[in-house]
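What follows is the residue order along each chain.
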Amino acid sequence: MIVDFVVRYRLATNAIIGAQILPGRSLNAVAKVTARLCNIGLLKRHMLVPPENYFRAGARAINVLGLPQRSCESLGPQSLPIDYATLIYATKPDAKRRRLTPEEVTEYMPWLPSELSHSPYCVDAKGNLDHLRVDLGGSPQHVARKVAAAAHDRLLVPQIAELSSRSKFQLVVLTTGTEKANAIAKAIGNTDCSDQIRIRLAIVPRLSFLLLRSN
């Protein structure tokens, strides 16, 4: 279950593994489990924000599952904030949603052009779809332009336009704090995309530390 979870989300931390898979265990007990999985090659440890680590699939896991070699490598300066923010958003205690794997994206949206399939998507218990955009530290205006472009590209797909009209598809912007979220919301309001698709902003406070680390 832990390896499957790590593969789905592309990373995990001891705190998230404890909350999602080993509820009731202490953080120390969870750390002992992940340490054993690292020792036998099912997980591989990388540094998140010192002293916290994150885990990716280990060499043994990628061999058994037939995953590409990059699945065990540390995430890059853009991939790490994107995947971490997606993990936090999808696993909030009241969320009841999950990140779609690339195979599931194709299953849920076989009509989606391949160039639009690589950014994170989540689905909730009712089958509603979220497309996630992560603020990587640009100005509110820059983030708003990226969001507007992502919305326009997807609304050109008739099936997404139809889902959006039924409030079954939304675009979620993950950012660092309330002040930045308010500024992004104001900038998005100056575009023409907010009238055509539902846009939600969510805050991932530790995202700011990852962006500082990346810079």
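Once a new chain begins, its residue numbering starts again from 1 and follows that chain's sequence as written. Whole-chain, interface and lining totals are the exception, using all residues; otherwise, since this is a predicted model, local features are given only for residues with pLDDT of at least 70 and side-chain atom pairs are given and counted only at 80 or more. Side-chain measures here rest on the full set of heavy atoms in the structure, leaving out hydrogens and waters.

A.B. asks: Report on the overall build of the protein chain, specifying residues and quantitative values.
C.D. replies: Secondary structure counts use DSSP, requiring at least four H or I residues in a row for a helix and at least two E residues in a row for a strand, with both numbered from the N terminus. Scanning the protein chain from terminus to terminus reveals 10 helices and 7 strands. Throughout, the radius of gyration refers to the C-alpha atoms, and the reference size of a globule is 2.2 Å times the residue count to the power 0.38. Computed over C-alpha atoms, the radius of gyration of the protein chain comes to 18 Å, within 12% of the 17 Å expected from 2.2 N^0.38 for 215 residues, which places it in the range of a compact globule. Counting only C-alpha atoms, the protein chain reaches 50 × 35 × 30 Å along its principal axes. The classification of residues rests on relative accessible area computed with a 1.4 Å probe and restricted to protein chains. Under 20% of the type maximum is buried, over 50% is exposed, and intermediate values are partly exposed. Burial statistics for the protein chain: of 215 residues in total, 47% are counted as buried.

A.B. asks: So what's going on with the packing of aromatic side chains? Residues and values would help.
C.D. replies: Aromatic ring pairs are defined here through the distance separating the ring centres and the angle between the ring planes. Two rings belonging to Phe, Tyr or Trp (six-membered ring only in the last case) form a pair when the distance between their centres is within 6.5 Å. Interplanar angles under 30 degrees mark stacking, angles over 60 mark edge-to-face geometry, and anything in between is tilted. Summed over all chains, the structure comprises 1 aromatic pair. Note on F5 and Y9: the rings are 4.7 Å apart at their centroids and 40 degrees apart in plane angle, and the pair reads as tilted. Note that F5 and Y9 are positioned in helix α1 (residues 2-9) at a spacing of 4 residues, about one turn of the helix. Considered together, F5 and Y9 belong to a single accessibility category, that of buried residues.

A.B. asks: Break down the side chain of N128 for me, citing the residues and quoting the values.
C.D. replies: Position of N128 relative to the elements: it lies in the loop between β4 (121-124) and β5 (129-134). Look at N128 and you get buried, because its relative accessible area is 16%. N or O atoms closer than or at 3.5 Å make up a polar contact, with two conditions inside protein: a donor-capable atom paired with an acceptor-capable one, and, for residues adjacent in sequence, both atoms drawn from side chains. A distance of 3.1 Å separates the side chain of N128 from the side chain of K168, its partner in a polar contact. Throughout, a residue-residue contact means that at least one pair of heavy atoms, one from each residue, lies within 4.5 Å. Those residues in contact with N128 that sit more than four places away from it in its chain are C122, V123, S167 and K168.

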